[in-house]
Amino acid sequence: MSAHSYHRTTDGRLVDETKAFDAGVLRPGFTLRTKTQLMDNAGATLSSHQLSDAELDARSARIDAFNAKLSDAWRDPSVPPQASVPDALDVYDNYDRRTSEAWRQI
């Protein structure tokens, strides 16, 4: 079986490759579908081991702790929240100054 299939766009019916192509180019009104295999979890092995309630609770606690750490990771505790967000006009003025003086760097 081929790794590709060809379909008529109007009704989605499977068609032969000779009907879908014209001189090596896919004709208008036809689509090409390719089978893919995702490999992002290729090294993982499945286990038939059932986790006990204590193991499930410990795993859930680790996941909750990790999620809490991620939810606060973008915050910097040493900087007050008001000072961490720059004023939009300051950002624009800084950009405008850098671009207007860029020719001096050459």
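Residues numbered from 1 in each chain as written. Predicted model: local features only at pLDDT ≥ 70, side-chain atom pairs only at ≥ 80, totals over all residues. Heavy atoms only, no water.

**Quick word on the overall build of the protein chain**
Scanning the protein chain for helices and strands turns up four helices and five strands. Starting at the N terminus and ending at the C terminus, the protein chain contains elements arranged as β-β-α-β-β-β-α-α-α. In the protein chain, which comprises 106 residues, the proportion classed as buried is 5%. Expressed as a percentage of contacts within the protein chain between residues at least 6 apart in sequence, the contacts between residues at least 24 apart total 33%. As displayed, the protein chain offers around 9,900 Å² of accessible surface, 56% of which is attributable to carbon and sulfur atoms. (Helix = DSSP H or I, 4+ residues; strand = E, 2+ residues; numbered from the N terminus. Buried < 20%, exposed > 50% of the residue type's maximum accessible area, 1.4 Å probe, protein only. Contact = heavy atoms within 4.5 Å. Areas by Shrake-Rupley, 256 points an atom, 1.4 Å probe, with all protein chains shown as cover.)

**Some points on the packing of aromatic side chains**
Inspection of the entire model under this criterion finds one aromatic pair. Ring geometry for Tyr6 against Phe21: centres 5.3 Å apart, planes inclined by 80°, an arrangement best described as edge-to-face. Taken together, the residues span a long stretch of sequence, with Tyr6 in strand 1 (residues 4–8) and Phe21 in strand 3 (residues 21–22) at a distance of 15 residues. Relative accessible area serves as the criterion here: at 8%, Tyr6 is assigned to the buried category. For Phe21, a relative accessible area of 24% gives the class partly exposed. (Phe/Tyr/Trp six-rings, centres within 6.5 Å; stacked < 30°, edge-to-face > 60°.)

By themselves these figures say nothing about function.
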